[in-house]
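Residues per chain, in single letters:
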Amino acid sequence: MRLYLAVFALLAAVHCEELINGDQVLRINAESEDHIQILKMLERDVDSGLDFWTHAVSTERPVDIRVPHSSLHAVKDFLKKNNIPFTVMINNVQELLVREREEMVRNAEIESKTKSFSFAAYHDLETIYNFMDTLANHSKLISKVKIGSTYENRSMYVLKFSTGGVKRPAIWIDAGIHAREWISHATAVWLADRIATDFKENRAPVPSILSKMDIYLMIVANPDGYVFTHRSSSPLYRFWCKSRSATSNPKCQGVDLNRNWDAEFGGTFILLFSLVATDSNDFALLNVPTFSLGPGASDDPCAEDYRGPSSQSEIEVKNIAKFIMSHGNFKSFMTLHSYMQFLMYPYGYIGIDAPDWPELHDVATKASKALNSWHGTVYKVGSIFHTIDQASGASVDWAYLRGIKYSFAFELRDTGEYGFLLPANQIVSTARETWFALRYIMKYVCDHPY
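What counts and what doesn't
- Residues numbered from 1 in each chain as written.
- Predicted model: local features only at pLDDT ≥ 70, side-chain atom pairs only at ≥ 80, totals over all residues.
- Heavy atoms only, no water.
- Disulfide = S-S within 2.5 Å.
- Helix = DSSP H or I, 4+ residues; strand = E, 2+ residues; numbered from the N terminus.
- Buried < 20%, exposed > 50% of the residue type's maximum accessible area, 1.4 Å probe, protein only.
- Pairing = 2+ DSSP bridges.
- Salt bridge = Lys/Arg side-chain N within 4 Å of Asp/Glu carboxyl O.
- Core = buried A, V, L, I, M, F, W, Y, C linked by side-chain atoms within 4.5 Å.
- Contact = heavy atoms within 4.5 Å.
- Axes fitted to C-alpha atoms, helices over the stretch in contact; angles between N-to-C directions.
- Left-handed = near helix turned anticlockwise from the far one by under 90°.
- Nonpolar A, V, L, I, M, F, W, Y, C, P; charged D, E, K, R; others polar.
- Expected span 1.5 Å × (residues − 1).
- Parallel < 35°, antiparallel > 145°, perpendicular 65-115°, else oblique.

The tally for this structure, following the rule as stated, stands at one disulfide. With a sulfur-sulfur separation of 1.9 Å, Cys-252 is cross-linked through a disulfide to Cys-302. Here the disulfide of Cys-252 and Cys-302 is right-handed, its torsion about the S-S bond being about 85°. Here Cys-302 lies in the loop between β10 (283-292) and α9 (315-327) and Cys-252 lies in the loop between α8 (223-231) and β9 (269-277), a separation of 50 residues in the sequence. When its relative accessible area of 24% is taken as the criterion, Cys-302 is described as partly exposed.

Set out below in structure tokens:
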């Protein structure tokens, strides 16, 4: 335990050094419940500087952590002495960041010269919004609908694909509620073009789907966070996940927008370990009541999964929820995330089966097979709770609890080789295989009205 405390002290000391060159992503394979609990304690220490890309849930799933270069020796030594196996998943995060930025600069120059748009590239918010304008301006099928503004007063838009009618049965798809998950935004951009193209070219099943239902596609559900991942002076903020709203802690901004929905937004006080320095410059471990932490989310404003002060306190969530509820006729709700290659359905907040579990599991299984048919990519299917982690206040649970039966969450590529830094040359393949799954689900929804 003394070693454990020493590691914490060292991590806290170096956290302020925002150096990323030499940072590594370690893949940790917990082999026991003790290992899982140790990793959970590490994650709860928000001052440690460790960036958990995946979470300690069970011995069946690895835990990926971005570790600052200055902390690598201490962390690796700690894991070895506690017999917790690990490998280096990404040897130098900076190299991938540099490559990503250089590709974006080159692509922007090419697009500017050729007046074109590349679907095999990542784009900033302004470029994505301009793309949406272009799409809407050249098709009677598509309209760009403003549903509100963000905390930093940026517009929030959805693309509406409709052949006419008012509040017809509809399908909702969103992406980018977690800012750092760039592949979700890029996939949604490709999807928008594909829906438009398939309708124009009368390619099944899009015309049939749109003859019965409308499709609403939100490419950027967290505009403030997404802009921050592009414009921040520190490379660390490429991995920013939350919104950018002020919190009760002036040092910590933002809320995890996928923990802020009115879906079992509860919390209970628990005891956490706190470090206290002694006169001998050693560390004592005290059990003291700290922040409220309900299942699947945190009440600590500095935590990555901070749920916010109350359900739907965040303007971005309010805007989406209000739009969906005022429409009143959505039959499917799908959200795109990354990474780990999962296709999931409710519930996330509790480990019991949803009433429609048999049908949802069957639809998700067949959709994953359709996805697999394109490039052989394998997705794991199951409820959010049993597949990825317990999550309270998640959008899919919110939608399902409000009667939108066909509610699904995707975790796109990959399974860990690149994590959140998926190379741009994988965008189109990722989008195309995702389209195969979405297409199956949308057709099923049309054929099974309720």
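Take the sheet that holds strand β3 (residues 63-67) next. Note: strands within a sheet are paired through backbone hydrogen bonds, in either parallel or antiparallel orientation. Strand order across the open sheet formed by four strands is β2-β3-β1-β4, with antiparallel pairing between neighbours. Pairing within the sheet leaves two strands with one partner each, and these edge strands are β2 (51-52) and β4 (86-90). Two elements, strand β1 (residues 24-28) and β4, share four bridges in a ladder whose sense is antiparallel. The partner of Ile-28 across the bridge, within β4, is Phe-86.

On to the pattern of salt bridges, then. The full count for this structure, using the stated rule, is 20 salt bridges. In this structure, the salt-bridge partner of Glu-152 is Arg-154, at a minimum N-O distance of 2.5 Å. Arg-307 serves as the salt-bridge partner of Asp-299, at 3.1 Å between the closest nitrogen and oxygen. Among the ionic contacts, a cluster of salt bridges with common partners joins Asp-23, Asp-51, Arg-66 and Arg-180.

Judged by nonpolar contacts, the single largest core of 113 residues is most densely connected at Phe-161, Trp-172, Ile-219, Phe-408 and Phe-410. In terms of residues, this core owes the most to one element, helix α13 (residues 427-447), which gives 11 residues. Apart from residues lying up to four places away in sequence, Ile-219 is in contact with Ile-128, Phe-131, Met-132, Leu-159, Ala-175, Gly-176, His-185, Ala-188, Val-189 and Ala-192. By size, the runner-up hydrophobic cluster in this structure holds 19 residues, among which are Ala-30, Leu-39, Ala-56 and Ile-84.

Further remarks concern the environment of Ser-429. Among the structural elements, Ser-429 can be located in helix α13. Classification of Ser-429 by relative accessible area gives partly exposed; the value is 23%. Setting aside residues up to four positions removed in sequence, Ser-429 forms contacts with Trp-374, His-375 and Arg-413.

Our focus in this paragraph is the side chain of Asn-92. If you trace the backbone, Asn-92 turns up in the loop between β4 and α4 (93-114). Of the residues examined, Asn-92 reaches a relative accessible area of 16% and is grouped as buried. Residues within four places of Asn-92 in sequence aside, it is in contact with Ile-20, Asn-21, Gly-22 and Asp-23.

The subject of this paragraph is the packing of helix α10 (residues 357-375) against α13. The interhelical angle for the contact between α10 and α13, taken along N-to-C directions, is 145°, at an axis separation of 8 Å. Relative to α13, α10 is oriented so that their crossing is right-handed. When α10 is examined against α13, the residues Glu-359, Val-363, Lys-366, Ala-367, Ala-370, Leu-371, Ser-373, Trp-374 and His-375 are found in contact with a partner set consisting of Ser-429, Arg-432, Glu-433, Thr-434, Phe-436, Ala-437, Tyr-440, Ile-441 and Tyr-444. Per-class residue counts for the contact of α10 with α13 are 10 nonpolar, four polar and four charged.

Turning to α9, a few remarks are in order. Its 13 residues give α9 an end-to-end C-alpha distance of 18 Å, which sits within 8% of 18 Å, the value for a rise of 1.5 Å per residue. Backbone geometry just after α9 places Gly-328 at a positive phi near 80°.

This part takes up unusual backbone geometry. Negative phi values dominate among residues other than glycine, just as trans dominates among peptide bonds. Pro-205 follows Ala-204 through a cis peptide bond whose omega is 0°. Residue position: Pro-205 is located in the loop between α6 (182-200) and α7 (206-212). Across the junction of Pro-346 and Tyr-347, the peptide omega takes the value 5°, indicating a cis bond. Inspection of the secondary structure puts Tyr-347 in the loop between β12 (342-345) and α10.

Running from N to C, helix α5 (residues 125-137) and α6 point in directions that differ by 5°, and their axes come no closer than 11 Å. Here α6 runs roughly parallel to α5, going by the angle between their axes. Side by side, α5 and α6 meet where Ile-128, Phe-131 and Leu-135 of the first sit next to His-185, Val-189, Ala-192, Asp-193 and Ala-196 of the second. Class assignment of the residues belonging to the contact of α5 with α6 gives a composition of six nonpolar, one polar and one charged.

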